[in-house]
Amino acid sequence: MLKQVRTHTPWLLPLGLLGPFVLLLLVLLGWPLAILLWRSLQDGEGGFSLAGYFSILQRRRYFQAFINTVGLAIASTLLALILCTPAAIYLERGKGWGRRALAVMLTIPLSLPGIVIGFFIILNFGMTGVVPQLAEAATGDRQFQIAYSIWGLLLGYVYFQIPRVVLVVRGATASLSEDVIDVARTLGTPTWRLYSDIILPTLRPALTNAATLSLATALGAFGTAATLSRGFRVLPLEIATAFTESFQPQLAASMSIVLASLTTVLLVGVRGKQ
Amino acid sequence: MAFTNPATLQFQQVSYGYGPEEWAVDDINLVVKPGELVVLVGPSGCGKSTLLKLVAGLIYPTRGTLLLDDMNVARKPPEQRQVGWVPQSYALFDHLTVAENIAFGLRMQGQPRQQRQRRTEHLLDLCQIQALARRSVHDLSGGQRQRVAIARALAVQPRVLLLDEPLAALDPQLRVSLRSSLVSLLREAGVTTLFVTHDQTEALAIADRIAVLRAGRVEQYGNPETLWDRPVNEFVARFLSRAEIVEAHYVGGNQVEIVPGLIAPIAPQHLNAHRNAHTVTLALRPTDLQVDSTGVMLVVLASEYTGSSYLVYGQLPNGPRLSFMSSAPVQPGETVPVQVRPEAKVAIISA
Amino acid sequence: MTRDPVERIGKVFALLSAFICLIPLPLLLAVATTSVWQQGPWSGGFTLKWLQAGWEAVSPHAWFSVQLALQVLLLNTMVGFPAAWVLARSRFRGRQVLMSLTMLPLAIPGIAIALGLLLAYPTWKANGWLLIGGHLLYTLPFWVGTLTPALSQPHLQELEAVGMTLGTNTWKRLVFITLPQIRGALLAAAIIVLTLSLGEFNVSFFLFTPLNKTLPVDLYSAYITGRLEVAAARTVWFLLFVIPAAVAIESLGGAKVGQA
């Protein structure tokens, strides 16, 4: 392809058009993040202190929330990968009305804010949820009121992970060359070797992508957790409580920095290298 | 009503690119006369499409002068040049109908509706696409798209029309028949045209003059007959035909000898230029040779059936490779006697 | 026809996932139209009173959210369109860095950014600017990310080049060639921005004031304090805003992956 020497594009024009955008990023993203970092290193009197970060490690409540958050993120990501990778392969490796309809259904959670997903869990597994009511009708005993436990949160998190994994894996599956697979078949490759030697290696970058996207989404998820916040505590909830209820801006800022660093490393560091 | 106001187009020492080692287009000097159809031909990457973009003003030359009549347009933006450009994809506006595509340039000039309509009708007539006027460009065939693109370019009375491989996107079966109707359309429009192709048969068939390009430079510029009879170098000779390049000695009369026994006649006008030279370089084409029992023995390497006869690739013992046409099939390994046809006009490479 | 075991498992899992995704919707309608849910579906009969009361409670916040979304869309257009244009068309040093910076808001949890905005500009919360700013920050990546590929298509650039040779200046090219050609992407980007803004909670939760309370924030208080039927009815109204837009995005070929 020809390398274009643009002799007649004045360089001032792009600068002028980009200016407001760059300024906006600085004002709305750069400066607030800098302030957040600054405040995470300042105690109440304005002196330098790492107390906020130490609290996360030393105080049982916050450390537990940290472990909860990471554990929930990993567990929901694994579940979503196991459930949705074969589903996405099925959806993409064939045609038909049915598969397309299924594919559309699986994107529903994308349009729902986390709080609505949390409410769905309450509808199903809350005190008067459908599942406990059905269980009562069947066994005479109200069971499965798990909305506010770790299981409720896990289900809610898997719910919003579904479309994220499906979309990424479908995209990669679509770019699999059917010719390559057919050639491998004519060379006598058994189905399981087709997956282990051709399909999965091709999908691996996509699976890594889907995993990091899901992990980052789960780590930062606030809406779902906020709706189901009566029992199981995660880090975003503790940030909100520390800031709005117990007025500990340093602690809230420290936890935010930890969370933001984790998600940024996952999304920019790991995915960027692909 | 004139369809065009054809201009003289001149390239004077035009170069484009990053510098001496990296010119995409290097020191081009060409003159295209008003109404002339000039074909730029060369292998892919030779810079022919870049030349068109330079004329269109989509890129500016790094050096040199580009004259439209007497005005240097090298630094003028495309919208001030009045040059029609038809890219290989035709680039039709798919949000507009056929008629709207053709009228687009007129609308941009702010011409009144009636005038616009009249001119659009003229072009629909000229390009014989009246029936398509209201259609969406999505439903058109390749040939129809080409017509619309050319009509759109001609609508604004371009001073030069630039066609980038206008036949390449068409089915091979259609290409030849659409080629001649395209040429008659261009003649009727009377527009100065630069036509890019990589196909040497196409170039020979339609051009008033041909410029053969290689690696950004013009190797030879002239009418088709000159290029065919007197290619300036091996590249031009080989590019235009399947010629084999051989050395020959002048042996008196109107004849040169390639190897003992293989004698080629030379046209007298060629002779004048070479009378004093001891050796000449010939471009021998398959059609210049025939099977002849008086000839020299050639070992057959391979042969291809071309429909009416066989194209045979052979080699002289310890000598150059030659190919020739044979009416009878031959087998690889066979030896066959060949001689230059007495009536052949053998091309001499004369730099 | 398939004997591929992975696809067979995939079919089962796809059906299961679709069931999980869909089942809350009819359930939501059932709860919203039942007098007393505690006694089971439609016990005490079918009723529209919850939906009616829900609309009365929701409509002022819905109106506010729509206004906010439109403002955010306008700002996206003003700031994001020129930026997408430059990112698509110019080659300059630092372009790649800027592209990744554009996407950075998506990597950072909304709650962290909301906190940062509050700490950086404490006085801007009351006048509502922070809310607009937060929404803008989280929608810009989608706006720019949808329009930049559309604007950098070689086909579009060739059409514009033809337009140039036909005598159009920059503005006419924009109006008569570029915008009509990318109208699909523009529409998709606009709908994405509107739905994301309408559904945004993580940032809004920290930046709202009683005077400017968004629809999701109002929903949240219903979830925390209200009875199940009321909350369900309000959710139904909210989904009536969001789901048509989602279907439109899907049919335009776009998919958005925001935060949860």
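Residues numbered from 1 in each chain as written. Chains lettered and ligands numbered in written order. Predicted model: local features only at pLDDT ≥ 70, side-chain atom pairs only at ≥ 80, totals over all residues. Heavy atoms only, no water.

**Observations concerning the overall build of chain C**
Across its full length, chain C holds 12 helices and zero strands. Counting helices and strands in the order they occur from the N terminus, chain C gives α-α-α-α-α-α-α-α-α-α-α-α. In terms of principal-axis extent, the alpha carbons of chain C reach across some 75 × 65 × 30 Å. Expressed as a percentage of its 260 residues, the buried residues of chain C come to 57%. Of the contacts formed within chain C by residues at least 6 apart in sequence, a portion of 73% connects residues at least 24 apart. Entry remark: accessible area of chain C is about 10900 Å², with carbon and sulfur atoms responsible for 69%. Mean positive and mean negative side-chain charge positions of chain C (16 and 9 charges, respectively) differ by 6 Å. (Helix = DSSP H or I, 4+ residues; strand = E, 2+ residues; numbered from the N terminus. Buried < 20%, exposed > 50% of the residue type's maximum accessible area, 1.4 Å probe, protein only. Contact = heavy atoms within 4.5 Å. Areas by Shrake-Rupley, 256 points an atom, 1.4 Å probe, with all protein chains shown as cover. Lys, Arg positive; Asp, Glu negative; His and termini not counted. Charge placed at Lys NZ, Arg CZ, Asp CG, Glu CD.)

**Details of the interface of chain C and chain A**
With 81 residues of chain C at the contact, the number on the chain A side is 80 residues. Note on chain C versus chain A: buried area summed over both sides is about 7000 Å², and carbon and sulfur give 80% of it. Among the ionic pairs, Glu7(C) bridges to Arg99(A), the shortest N-O distance being 3.9 Å. Residue contributions to the side of chain C that touches chain A peak at 15 residues, all from helix α1 (residues 5-22) of chain C. The residue makeup of the side of chain C that touches chain A, split by class, is 63 nonpolar, 13 polar and five charged. (Buried area = accessible area lost by both parts, 1.4 Å probe. Salt bridge = Lys/Arg side-chain N within 4 Å of Asp/Glu carboxyl O. Nonpolar A, V, L, I, M, F, W, Y, C, P; charged D, E, K, R; others polar.)

**Observations regarding the sheet that holds strand β5 (residues 71-72) of chain B**
All names here are of chain B. Taken in spatial order, the four strands of this open sheet run β2-β1-β4-β5, and their pairing is antiparallel. The open sheet is flanked by β2 (23-32) and β5, the only strands paired with a single partner. Sheet analysis places strand β1 (residues 9-17) next to β2, joined by six bridges and oriented antiparallel. Bridge pairing in β2 links Gly 17 to Trp 23. On the sheet, helix α1 (residues 48-56) packs against β1, β2 and β4 (63-68) and is oriented at approximately 115° with respect to β1. (Pairing = 2+ DSSP bridges. Axes fitted to C-alpha atoms, helices over the stretch in contact; angles between N-to-C directions.)

**So, the interface of chain B and chain C**
Facing the 20 residues of chain B at the interface are 19 residues of chain C. In this assembly, chain B packs against chain C so that about 1800 Å² is buried in total across both faces, 66% of it on carbon and sulfur atoms. Counting the surface chain B buries against chain C, the share from its top three residues, Glu79(B), His95(B) and Met108(B), is 34%. At the junction of chain B with chain C, the criterion picks out zero salt bridges.

**What about the sheet that holds strand β14 (residues 279-284) of chain B?**
Strand pairing within a sheet occurs via backbone hydrogen bonds; the two strands may be parallel or antiparallel. All names here are of chain B. Strand order in the open sheet formed by five strands is β13-β12-β11-β14-β19, with antiparallel pairing between adjacent strands. Each having just a single partner strand, β13 (262-265) and β19 (347-348) make up the two edges of the open sheet. Here two bridges tie strand β11 (residues 244-250) to strand β12 (residues 255-259), and the two strands are oriented antiparallel to one another. Note that in β12 the partner of His 249 across the bridge is Glu 257.

**Focus: the nonpolar core**
In this structure, Phe120(A), Tyr157(A) and Trp143(C) are the most contacted members of the largest nonpolar core, which totals 166 residues. For this core, the element with the most residues is helix α3 (residues 49-89) of chain C, which contributes 15 residues. Each of domain 1 (16-49) and domain 2 (59-272) of chain A accounts for three or more of the residues forming this core. In this structure, Trp143(C) is in contact with Leu73(C), Asn76(C), Thr77(C), Gly80(C), Phe81(C), Leu186(C), Ala189(C), Ala190(C) and Val193(C), ignoring residues within four places of it in sequence. Membership of the second largest hydrophobic core comes to 48 residues, among which are Leu37(B), Ala149(B), Phe195(B) and Ala203(B). (Core = buried A, V, L, I, M, F, W, Y, C linked by side-chain atoms within 4.5 Å. Domains from an automatic or database assignment.)

**A look at the domain arrangement of chain B**
Residue and element names in this part refer to chain B. Domain annotation for chain B reports domain 1 (9-236) and domain 2 (241-348). Each of domain 1 and domain 2 has a C-alpha centre, and the two are 38 Å apart. Taking both sides of the interface into account, the surface hidden between domain 1 and domain 2 amounts to around 720 Å²; carbon and sulfur atoms contribute 52%. Contact with domain 2 buries surface across domain 1, with Trp 228, Asp 229 and Arg 230 losing the most and accounting together for 65% of the total. Put simply, domain 1 and domain 2 have zero salt bridges between them. Inspection of the region where domain 1 meets domain 2 yields two residue pairs in polar contact (both at pLDDT 80 or more). Across the side of domain 1 that touches domain 2, the residue classes break down as two nonpolar, no polar and three charged. (Polar contact = N/O pair within 3.5 Å; in protein donor to acceptor, adjacent residues only side chain to side chain.)

**Describing the side chain of Gln161(A)**
All names here are of chain A. Checked against the element boundaries, Gln 161 lands in helix α7 (residues 150-174). The exposure class assigned to Gln 161 is buried, which follows from its relative accessible area of 0%. One polar contact links the side chain of Gln 161 to the main-chain carbonyl oxygen of Ser 214, over a distance of 3.2 Å.

**Here's the deal with unusual backbone geometry**
Phi at Gln128(B) takes a positive value of approximately 55°, unusual for a residue other than glycine. Topologically, Gln128(B) is positioned in the loop between α3 (113-126) and α4 (142-155).

**Looking at the packing of helix α5 (residues 114-125) of chain A against helix α11 (residues 215-225) of chain C**
Between α5(A) and α11(C), the least distance of the axes is 10 Å, while the angle of their chain directions is 25°. Regarding the angle of α5(A) to α11(C), the classification is roughly parallel. When you trace α5(A) past α11(C), the crossing you get is left-handed. Residues Ile115(A), Val116(A) and Phe119(A) of α5(A) touch α11(C), and the partners they reach there are Pro216(C), Leu219(C), Tyr220(C) and Tyr223(C). Split into classes, the residues belonging to the contact of α5(A) with α11(C) amount to seven nonpolar, no polar and no charged. (Parallel < 35°, antiparallel > 145°, perpendicular 65-115°, else oblique. Left-handed = near helix turned anticlockwise from the far one by under 90°.)

**A look at helix α6 (residues 129-151) of chain C**
Remark: the principal bend of α6(C), roughly 35°, maps to Thr139(C), with a proline, Pro141(C), within the next four residues. Burial analysis of α6(C) places 19 of its 23 residues in the buried class, the great majority of the element. (Bend = angle between axes of the 7 residues up to and from the residue.)

**Here's the deal with the pairing of β11(B)**
Side-chain direction in a regular strand flips from residue to residue, so the side chains alternate between the two faces of the sheet. For β11(B) and β14(B), the ladder comprises six bridges, and the chain directions are antiparallel. Residue pairing across strands places Ala248(B) opposite Val280(B), the latter belonging to β14(B).

**Looking at the pattern of salt bridges**
Side chains that differ in sign of charge can pair as their charged atoms come close. If you walk through the whole model with that rule in mind, you get 20 salt bridges over all chains. A salt bridge links Arg142(A) to Glu136(A); the shortest N-O distance between them is 2.8 Å. With relative accessibility at 33%, the residue Glu136(A) sits in the partly exposed group. Its salt-bridge partner being Arg159(B), residue Asp69(B) comes within 2.9 Å of it at the nearest N-O pair. In this pair, Asp69(B) is assigned in the loop between β4 and β5 and Arg159(B) in the loop between α4 and β7 (160-164), connecting sequence segments 90 residues apart. With a relative accessible area of 30%, Asp69(B) lands in the partly exposed category. Here Arg159(B) falls in the buried class, since its relative accessible area comes to 18%. Residues participating in the shared-partner salt-bridge network are Arg93(A), Arg99(A), Glu178(A), Asp4(C) and Glu7(C).

**Remarks on the packing of aromatic side chains**
One pass over the full model with this rule turns up 16 aromatic pairs over all chains. Ring geometry for Tyr305(B) against Tyr310(B): centres 4.8 Å apart, planes inclined by 40°, an arrangement best described as tilted. In this structure Tyr305(B) comes out as exposed when scored by relative accessible area, which is 56%. Positioned over the ring face of Trp228(B) is Arg285(B), at 3.7 Å from the centre of the ring. Taking the ring centre of Trp50(C) as reference, the NZ or CZ of Lys49(C) above it sits at 4.9 Å. (Phe/Tyr/Trp six-rings, centres within 6.5 Å; stacked < 30°, edge-to-face > 60°. Lys NZ or Arg CZ within 6 Å of the ring centre and 35° of its normal.)

**Some thoughts on the pairing of strand β18 (residues 335-340) of chain B**
All names here are of chain B. Of all six residues making up β18, five are buried, and the element is well covered by its neighbours. Note that strand β15 (residues 289-305) and β18 share seven bridges and pair antiparallel. Note on β18: the bridge partner recorded for Met 297 is Pro 337.

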